Amino acid sequence: MSGSSRVVAVLGPTNTGKTHYAIERMLGYRTGVIGLPLRLLAREVYDKIVAIRGPSVVALVTGEERIVPPRTQFWVCTVEAMPEGMGADFVAIDEIQLCVDPERGHVFTDRLLRSRGTNETLFMGSDTMRGPIAALVSEAQFVRRERMSQLVYSGSKKISRMPPRSAIVGFSVENVYAIAELLRRQKGGAAVVMGALSPRTRNAQVDLYQNGEVDYLVATDAIGMGLNLDVNHVAFSSLTKFDGRRMRPLAPNELAQIAGRAGRGMSDGTFGVTGEAPPLDEGVAQAIMDSRFTPMKKLNWRNAALRFGSVDALIDSLEVSPNDEHLTKARPADDLNVLKSLSQVTEVAARASDGPSIRLLWDVCRIPDFRGISHSEHANLLEVIYGHLHERGAIPDDFMARQIRRIDRTDGDIDALSKRLAYIRTWTYVAQRNGWVRDESHWREETRTVEDRLSDALHDRLTQRFVDRRTSVLLRRLKQKEALLAEVNDKGEVTVEGEFVGRLEGFRFTPDKSAQGAEAKALKSASLQALAPQFHLRADRFYNAPDTEIDFTDQGGLMWGEYAVGKLVAGAEPLKPMVEVFVDEAAGPDVEQKVQRRLQHFIDRKVAALFEPLLNLSRDEELSGLAKGFAFRMVEALGVLPRAQVAQEVKDLDQDARGALRKHGIRFGQFTIFMPLLLKPAPTRLRLVLWALSSGLQEFPEAPPPGLVTVPVAKDAPQGYDTMCGYRDAGERSIRIDMLERLADMLRSEDSRGGFEAKPDMLSITGMTLDQFADLMQGLGYKAERGEREKVKAVPAEAPATEVAEHPAAEETPTVEASTDEVAAPAEAPAEATESTEAAAEAPAAEPANDEPEVEVFYTFTWGRQRQQNRGPRREQGQGKGKPRGKPQDGRKPQGKKGGKQQGAKSFSSRPPKKEKAIDPDNPFAAALMGLKGGN
């Protein structure tokens with residue numbers, strides 16, 4: 001337990017330069033060995049020494065890596081892989097406080113007790129080891145080194161407020177990944193460092209952090225083992241960890257070991273907590289800052305004097321208890337547990353019958369469980385390896401090739417690649433053992449190549465998942481207050497500094513949908529700043545764009561090409577809608593005002609063009625009295641009024657007023673008062689939007705397809721929708737109001753009281769079958785009686801083809817007009833309609849072969865509405881069927897007011913007859929009226 005060389009324990013907190021001091025001391029000798037706690041740290045130290053002395057004299061030996069040049073002078077190893085009995089001038093063990101580690105402590109304790117350099121031995125670690133080292137290594141000298149910078153506790157911080165150059169520590173893979181994902185969304189990304197990573201992956205991740213591509217590092221407690229990084233702040237996401245058997249709180253000295261990574265050289269550092277970790281106790285925080293911890297009492301120990309006479313003797317020697325009060329028996333490690341399991345296997349027990357075979361079995365049992373699947377799976381694998389080695393003296397090449405081939409795949413996610421890396425480490429370890437494979441150089445190169453491929457793939461997956469390069473670049477450039485270069489292509493795709501960040505749709509920026517939450521917020525903030533010049537350029541182009549590039553939608557949206565740039569909102573009047581623009585706030589008020597003015601100009605011109613007749617009507621100063629009031633009603637109704645709503649106003653208009661209104665294109669129909677020019681598809685589409693706006697509708701109904709005479713009735717449509725569309729609901733279908741007026745003209749000559757059938761012209765202008773026409777007539781207030789009769793051969797009749805016109809409208813009950821400028825339906829019964837059988841216009845059918853008469857369906861229509869207040873349509877008394885119908889001889893209307901004389905009774909007046917006004921020549925019924933007048 002003692003040696004003749006100089007033994008020095010260099011103790012103190014982190015950031016005291018202990019490892020750097022050991023390297024300097026070793027390079028002062030001809031040969032040296034340094035043992036380090038992690039494969040990652042061993043690679044870091046190896047690279048440093050190679051940079052100083054060159055690769056030809058430096059060896060790297062770990063469980064999975066072995067680089068041994070022929071002229072090796074300096075050995076850099078993991079503690080477990082340190083060669084014994086070399087007689088090197090210098091020996092150093094780093095992180096000697098790991099002697100108390102439950103799993104690996106016995107290895108460090110063994111090196112403390114037995115590893116010595118011929119000239120100098122160094123133990124570097126925490127000051128808490130002073131007592132045990134003094135007790136166990138009597139010749140040891142102690143050197144206390146103080147921290148080169150200050151370490152300060154800064155309390156709890158949210159991850160979203162974590163300062164740059166921070167390391168967030170987690171104690172499980174899941175926790176590390178969750179934190180890294182959050183940092184990607186909020187800060188642009190993070191590098192990930194874990195002890196299970198290969199050196200190649202770890203170095204690539206560290207480079208991301210060190211070169212400033214990301215400002216955050218997420219790591220396990222592996223960073224506490226001497227890894228030198230530019231970290232200003234360390235935050236603990238948890239204060240407990242699973243130690244292989246149970247969850248336990250971290251001791252203050254363990255926290256200090258990790259927190260001490262903050263600050264490097266003379267730069268001060270801070271530490272704190274984040275996430276769900278509670279704030280540190282004040283006493284614990286102060287102890288970490290002062291580096292004052294409870295001294296260690298006992299070190300884990302396992303007997304190194306092994307007996308290989310039998311498997312049982314080997315097990316017994318491994319379970320020997322220490323006889324020193326400063327040592328405690330280590331709990332059974334994985335290698336001992338596997339040895340016990342394999343000793344129960346009959347075939348293994350039979351093979352392990354002598355010293356060499358037992359020693360070989362022990363070497364196989366010491367293969368680490370890199371895969372971490374289960375104890376039994378690990379034992380089964382080691383049994384196979386031992387069988388090959390014992391029986392053949394080496395592992396067969398084909399067996400090695402199969403194992404490696406299964407692992408040599410770079411597809412899959414982070415977890416899949418991590419598992420393959422763990423698997424290849426087993427075979428890398430096997431290939432590094434002397435004599436275990438026949439072609440050692442081949443298999444070492446093969447396993448190294450596969451590990452490098454998997455390492456690179458894992459680095460790529462980690463970077464893809466946890467680093468958003470574009471957000472990272474944007475945030476870094478913003479932080480540096482540098483101007484960002486934004487470009488927008490013809491598809492609206494926006495790139496900032498060459499990174500795709502989203503789309504510019506009109507004057508609104510939509511970040512890439514793959515960004516979410518805080519990440520999207522950061523991305524949008526940086527992108528909008530870069531897009532400021534683009535908004536102004538686009539606004540200028542939009543302001544000078546022709547109206548043909550702008551349009552409105554059925555829902556009131558305003559489009560510039562395929563992009564929504566605003567929407568219509570209700571104004572003070574239906575024909576004066578206002579505009580609400582869609583412009584990002586970051587574009588600025590100038591851009592917003594320019595877009596708003598252009599859209600207002602567009603919609604004002606659109607209304608002026610499509611509703612020119614209506615606007616001319618509203619501006620006609622020659623209109624006065626009732627005509628002016630009626631014009632106001634027409635403008636308010638956007639050019640289409642059901643006659644029933646203005647029946648009294650229409651009656652009150654004299655011929656001069658009607659003539660003045662007709663000059664503006666107003667047609668006084670039996671069912672609807674309308675302006676035919678405003679029933680075209682374009683004005684109808686805009687009228688529906690303006691009506692929906694002024695009515696405060698949340699969802700705007702769409703216009704029916706243009707050119708159809710009838711359409712199905714829109715279910716659940718708002719009241720008045722059919723009128724605004726230029727149709728009138730009748731039964732299951734709506735009919736265009738202009739075609740309804742043409743139908744009404746035909747129905748006036750029919751006997752609605754005695755009954756009539758539909759004429760071919762009636763079916764022709766509606767484009768309906770007989771059954772559909774019957775439903776329409778019932779919707780207009782008629783009764784339709786269905787019947788069947790023997791079909792009579794008809795001589796083809798020459799009937800003029802009737803043109804299918806455009807437009808709808810309908811009033812519930814035909815209203816009789818007393819004026820002389822129109823022919824209205826008789827007062828008592830609605831104009832009699834005729835339903836025609838389609839066969840009436842067809843050639844006679846051939847006689848049935850069986851001489852049975854052919855049957856046809858017909859409908860008889862009669863007026864079916866109740867007369868209300870003596871206003872129902874009727875035939876004038878004394879008139880015969882088919883006689884012309886007009887006003888009564890005395891000039892009074894056939895409909896009496898409530899409480900007046902009964903219809904049909906003669907009345908007399910002492911007043912002289914009122915002089916009749918001249919017939920308006922513009923009246924479409926002028927000729928008929930003149931004929932009636934002449935007939936009287």
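Fair warning: this is a prediction, and the values are worked out from it, not measured in the lab.

Thoughts on the overall build of the protein chain
Now for step 1: Along its length, the protein chain carries 29 helices and 34 strands.
Now for step 2: A burial count over the protein chain gives 50% of its 936 residues as buried.
Now for step 3: Sequence-distant contacts, at least 24 apart, represent 71% of the contacts inside the protein chain between residues at least 6 apart.
Now for step 4: In the structure as shown, the protein chain presents an accessible area of about 44200 Å², 49% of it carried by carbon and sulfur atoms.

A few points about the sheet that holds strand β29 (residues 672-674)
Now for step 1: The 3 strands are arranged β27-β29-β28 in an open sheet whose pairing can be described as antiparallel. Only two strands of the sheet have a single neighbouring strand rather than two, namely β27 (640-642) and β28 (667-668).
Now for step 2: Summarising the sheet, β28 and β29 pair through 2 bridges and their orientation is antiparallel. Counterpart to R667 in the pairing with β29 is F674.
Now for step 3: Helix-sheet contacts for helix α26 (residues 737-747) involve β27, β28 and β29, and the interaxial angle to β29 is about 130 degrees.

Things to note about helix α24 (residues 681-695)
Turn by turn, an α-helix covers 3.6 residues, leaving residues three or four places apart pointing in a common direction.
Now for step 1: With 15 residues, α24 should cover 21 Å at 1.5 Å per step; its first-to-last C-alpha distance of 21 Å lies within 8% of that length.
Now for step 2: Of all the residues in α24, the buried ones are P683, T684, L686, R687, L688, V689, L690, W691, A692 and L693.
Now for step 3: Note on α24: the residue one or two positions beyond its end, G696, has a positive phi of about 70 degrees.

Considerations on the environment of I373
Now for step 1: With respect to the secondary-structure elements, I373 resides in the loop between α12 (355-365) and α13 (375-392).
Now for step 2: For I373, a relative accessible area of 44% corresponds to the partly exposed category.
Now for step 3: Residues I373 and K419 lie 46 residues apart in sequence; the distance between their C-alpha atoms is 9.7 Å.

So, the nonpolar core
Now for step 1: By size, the foremost hydrophobic cluster in this structure holds 67 residues, and its most contacted members are F507 and L661.
Now for step 2: Excluding its chain neighbours within four sequence positions, the residues that come into contact with L661 are L617, L623, A627, F630, A631, L653, I666 and F668.
Now for step 3: Membership of the second largest hydrophobic core comes to 62 residues, among which are V176, A190, L336 and V338.

With respect to the packing of aromatic side chains
The description of two aromatic rings rests on the distance between their centres and on the angle between their planes.
Now for step 1: Taken as a whole and assessed by the stated rule, the structure comprises 14 aromatic pairs.
Now for step 2: When the ring of F507 is compared with that of W560, the centres are 5.9 Å apart and the planes differ by 15 degrees; the resulting orientation is stacked. Of this pair, F507 sits in the loop between β21 (499-505) and β22 (508-511) while W560 sits in strand β24 (residues 557-560); the two residues are 53 residues apart in sequence, bridging distant segments of the chain. This pair shows no difference in class: F507 is buried, exactly as W560 is.
Now for step 3: Both rings, one in F756 and one in Y782, keep their centres 6.1 Å apart while their planes meet at 90 degrees; by these two values the pair is edge-to-face. Here the residue F756 occupies a position in the loop between α26 and α27 (760-766), and Y782 occupies one in strand β33 (residues 782-790), the gap between them amounting to 26 residues.

Digging into the pattern of salt bridges
Now for step 1: Following the criterion strictly, the structure yields 53 salt bridges and no others.
Now for step 2: R104 serves as the salt-bridge partner of E80, at 2.8 Å between the closest nitrogen and oxygen. Of this pair, E80 sits in the loop between β5 (74-78) and β6 (90-93) while R104 sits in the loop between β6 and α3 (105-114); the two residues are 24 residues apart in sequence, bridging distant segments of the chain.
Now for step 3: The partly exposed category is assigned to E80, whose relative accessible area is 34%.
Now for step 4: Assessed through its relative accessible area of 24%, R104 is described here as partly exposed.

Looking at unusual backbone geometry
Now for step 1: Despite not being glycine, N15 shows a phi value in the positive range, around 60 degrees.
Now for step 2: With respect to the helices and strands, N15 occurs in the loop between β1 (6-11) and α1 (18-27).
Now for step 3: Residue classification places N15 among the buried residues on the basis of a relative accessible area of 14%.
Now for step 4: In this structure, S291 takes a positive phi of about 55 degrees despite not being glycine.
Now for step 5: By the secondary structure assignment, S291 is in the loop between α8 (282-290) and β17 (299-301).

Concerning the pairing of strand β2 (residues 32-36)
Now for step 1: Of all 5 residues making up β2, 5 are buried, and the element is well covered by its neighbours.
Now for step 2: A two-sided burial pattern is seen for β2, the buried positions comprising G32, I34 and L36 on one face and V33 and G35 on the other.
Now for step 3: Across 4 bridges, the pairing between β2 and β6 is parallel. Bridge pairing in β6 links G35 to I93.
Now for step 4: When β2 meets β5, the two strands line up parallel, connected through 5 bridges. Note on β5: the bridge partner recorded for G32 is F74.

Some points on the sheet that holds strand β30 (residues 710-712)
Now for step 1: Reading across the sheet, the 3 strands line up as β30-β32-β31 and stay open at both edges, with antiparallel pairing between neighbours. At either margin of the open sheet sits one strand with a lone partner, and together these are β30 and β31 (727-730). Sheet twist, expressed as the mean angle between neighbouring strand axes with direction ignored, is 30 degrees.
Now for step 2: Pairing geometry for β31 and strand β32 (residues 733-736), over 4 bridges, is antiparallel. By the bridge assignment for β32, R728 is matched with I735.
Now for step 3: Relative to β32, α26 is tilted by about 80 degrees, and along the sheet it contacts β31 and β32.

Quick look at the packing of helix α14 (residues 397-407) against helix α15 (residues 414-432)
Any two packed helices are characterised by the angle at which their axes cross and by the distance between the axes.
Now for step 1: For the pair α14 and α15, the least separation of the axes is 9 Å and the interaxial angle reads 155 degrees. For the element pair α14 / α15, the angle class is roughly antiparallel. You can see that α14 and α15 cross each other, and the crossing is left-handed. Residues F399, M400, Q403, I404 and I407 of α14 form the contact with α15, whose participating residues are R420, Y423, I424, W427 and V430.
Now for step 2: Tallied by class, the residues present in the contact of α14 with α15 amount to 8 nonpolar, 1 polar and 1 charged.

Some remarks on the environment of S267
Now for step 1: Inspection of the secondary structure assignment puts S267 in the loop between α7 (252-259) and β16 (269-273).
Now for step 2: The class for S267 is partly exposed, based on a relative accessible area of 41%.
Now for step 3: On a C-alpha basis, the gap between S267 and V231 in space is 9.6 Å, while along the polypeptide they are 36 residues apart.

With respect to the pairing of β22
Now for step 1: With burial as the criterion, only one face of β22 is covered, namely that bearing F509 and P511; the residues R508 and T510 on the opposite face remain uncovered.
Now for step 2: Here β21 runs beside β22; their pairing, made up of 4 bridges, is antiparallel. When the bridges of β22 are listed, R503 appears paired with T510.
Now for step 3: What sits between the antiparallel neighbours β21 and β22 is a turn of 2 residues, in which G506 has the positive phi angle 70 degrees.

Comments concerning the side chain of Q205
Now for step 1: Assignment of secondary structure puts Q205 in helix α6 (residues 199-210).
Now for step 2: Q205 gets classed as buried once you look at its relative accessible area, which sits at 1%.
Now for step 3: In contact with Q205, other than residues within four places in its own chain, are A190, A191, V192, H459, L462 and T463.

With respect to α12
Now for step 1: Most of α12 sits inside the fold, with 8 of its 11 residues counted as buried.
Now for step 2: Within α12, the full set of buried residues consists of S357, I358, L360, L361, W362, D363, V364 and C365.
Now for step 3: Buried residues in α12 make contact with α9 (311-318), α10 (334-343), α11 (346-351) and α13.

Points about the confidence of the model for the protein chain
Now for step 1: For the protein chain, per-residue confidence averages 83 on the pLDDT scale, and residues scoring 70 or more make up 82% of the total.
Now for step 2: Within the protein chain, the element-level pLDDT minimum falls on helix α29 (residues 926-935), averaging 46, and the maximum on β6, averaging 97.
Now for step 3: In the model, residues 931-936 has pLDDT below 50 throughout and makes 4 contacts with residues more than four positions away in sequence or in other chains.

Looking at the packing of α10 against α13
Now for step 1: Between α10 and α13, the shortest axis-to-axis distance is 10 Å and the interhelical angle comes to 65 degrees. With respect to α13, the element α10 is oriented roughly perpendicular. Crossing angle aside, the handedness with which α10 passes α13 is right-handed. Contact with α10, carried on its side by N337, V338, S341 and L342, involves H375, H378, A379, L382 and E383 of α13 and no other residues of that element.
Now for step 2: Within the contact of α10 with α13, the residues separate by chemical class into 4 nonpolar, 4 polar and 1 charged.

Each value, and the rule that gives it
- Residues numbered from 1 in each chain as written.
- Predicted model: local features only at pLDDT ≥ 70, side-chain atom pairs only at ≥ 80, totals over all residues.
- Heavy atoms only, no water.
- Helix = DSSP H or I, 4+ residues; strand = E, 2+ residues; numbered from the N terminus.
- Buried < 20%, exposed > 50% of the residue type's maximum accessible area, 1.4 Å probe, protein only.
- Contact = heavy atoms within 4.5 Å.
- Areas by Shrake-Rupley, 256 points an atom, 1.4 Å probe, with all protein chains shown as cover.
- Pairing = 2+ DSSP bridges.
- Axes fitted to C-alpha atoms, helices over the stretch in contact; angles between N-to-C directions.
- Expected span 1.5 Å × (residues − 1).
- Core = buried A, V, L, I, M, F, W, Y, C linked by side-chain atoms within 4.5 Å.
- Phe/Tyr/Trp six-rings, centres within 6.5 Å; stacked < 30°, edge-to-face > 60°.
- Salt bridge = Lys/Arg side-chain N within 4 Å of Asp/Glu carboxyl O.
- Parallel < 35°, antiparallel > 145°, perpendicular 65-115°, else oblique.
- Left-handed = near helix turned anticlockwise from the far one by under 90°.
- Nonpolar A, V, L, I, M, F, W, Y, C, P; charged D, E, K, R; others polar.
- pLDDT = per-residue confidence, 0-100.

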